[in-house]
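# Examination of the molecular architecture
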Amino acid sequence: MPVPAPELGSYKFVEETKENLDWADLVTLDLSKYGTPEGNKELAQFLIKAVREKGFFYVKNFNISQEHVNRQFALGKEFYELPLEEKLKYVPDLNNGKFNGYTPAGRYVIDTKSGLRDRTEIYNIPKFNGYFPHDHPSPVKESLAEVEEFARSLHSEVLDPLYVLLAIALELPEDYFINIHKYQEKSEDHLRYMKYSKFSPEENAKINHWVPGHTDLGSFTLLFRQPVAALQIKDHTTGEWKSVKPQDGTLTVNACDALSFLTGGYVKSTIHRVTTPPKDQQHIDRLGLLYFSRPHNDIVLATIQESPVLQREGYTQNEFEATGNPVPTMEEWTFAKQKWQRTQKAVYDKSHSTATILPGFKEKIYDDEMRPVEVAA
């Protein structure tokens, strides 16, 4: 039954850029084809090709209305209009890897010469399954039932079909990945409202990227369309950086670290970054709506041995197994990488950018133009 919707301000998307950027050529999965053996087989092949060659892909016809999506953007907008002192009441212990709640801007130096800091704010909302407290400010508190309905629909309408298709592609039982991504189980999934406040043209001229190249730590990340063209991906095949074009009526999906570990590197974790927007969009704040899906906390991230595909192709060990190190659980991996990510730092600090997250896994520098300088946190 639909949840009664409180009044929210309207959300108007900005115009798309008129610049002709070097756009990535990405596959679109049409979930209207999902549910028949023939349709699932076709979509599974599209999916595995996308996550191995590009890392990102679009999904359309996922049975969530644009009105529901727009309301989430409106809610994110209203949250970020709150006074800073109100938002600061909801900051978790970031230095110890906690991440649900509010992360303020200014924790990272993004230009070491001028000392210019990031202007990225994050608000994470965890699962509604009894394992996590839900202490939120207005207007999130008043809309919590609607937020829960939206988050749960992302599982049933988007993530569950994607996990079935991935299992088919790897010749596993269709419920293999669904069984380790159940909504009712404890995992560090979260819905995110994310705001990138604008920089002046003079400031943008000093910045390499708003967020440098990185991978996400979970299974799949869902990113809803927003028109400020700042997202770029690194093509797995060519190594070239390409811009991701906003597509009407779609969401963008990328594969992440946990799926790479579970498949011994057969599924590649997507390298992506947020760069300076085109000149005709540099005067605009960028608001993002995302969902991060992760395996249950107690899942050990060992390479799946039951997949005939992985066995045939020789993907039988991940980084931890190949180096003889203990394979972490998803919970151990999540909080180790989150603690590394949330450390106050200069983003071009080489010692941080190549740090060992856990024995057997060392972070990498993905941006060729990153300046390897040593800067104290």
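Residues numbered from 1 in each chain as written. Predicted model: local features only at pLDDT ≥ 70, side-chain atom pairs only at ≥ 80, totals over all residues. Heavy atoms only, no water.

What follows is about the UniProt feature "domain: Isopenicillin N synthase-like Fe(2+) 2OG dioxygenase" (unreviewed entry) in the chain. Feature annotation in UniProt assigns "domain: Isopenicillin N synthase-like Fe(2+) 2OG dioxygenase" (unreviewed entry) to the following positions: residues 195–294. The span residues 195–294 shows a helical share of 10% and a strand share of 38%, and its end C-alpha atoms are spaced 22 Å apart. (UniProt positions renumbered as here; feature names shortened; annotations may be inferred. Helix = DSSP H or I, 4+ residues; strand = E, 2+ residues; numbered from the N terminus.)

Strand order in this open sheet of eight strands is β1-β2-β12-β9-β14-β7-β6-β3, and the pairing throughout is mixed. Looking along the sheet, the strands with just one partner apiece sit at the ends: β1 (28–30) and β3 (101–103). Taking each pair of neighbouring strands and ignoring which way they run, the sheet shows an average axis angle of 25 degrees. In this sheet, strand β12 (residues 250–255) lies alongside strand β9 (residues 220–224) in antiparallel orientation, the contact comprising five bridges. Opposite Thr221, over in β12, you have Asn254 as the bridge partner. Strands β3, β6 (120–126), β7 (190–196), β9 and β14 (286–293) of the sheet are contacted by helix α2 (residues 66–80), whose axis makes an angle of about 115 degrees with β14. (Pairing = 2+ DSSP bridges. Axes fitted to C-alpha atoms, helices over the stretch in contact; angles between N-to-C directions. Contact = heavy atoms within 4.5 Å.)

So, about the layout of surface pockets. Empty space within the largest pocket amounts to approximately 370 Å³. Those elements giving two or more residues to the lining of the largest pocket turn out to be β6 and α9 (330–342). The leading source of residues in the lining of the largest pocket is β6, at three residues. Considered class by class, the residues forming the lining of the largest pocket number nine nonpolar, six polar and six charged. Taken together, 15 residues form the lining of the second largest pocket, with Tyr11, Lys77, Asp285, Arg286 and Leu287 sitting closest to its centre. Across the lining of the second largest pocket, the residue classes tally to eight nonpolar, one polar and six charged. (1 Å grid on protein atoms, 1.4 Å probe; cavity = no way out; pocket = protein on both sides within 12 Å on 5 of 7 lines; lining within 4 Å. Points joined across faces, edges and corners; volume = space filled by probe spheres on them. Nonpolar A, V, L, I, M, F, W, Y, C, P; charged D, E, K, R; others polar.)

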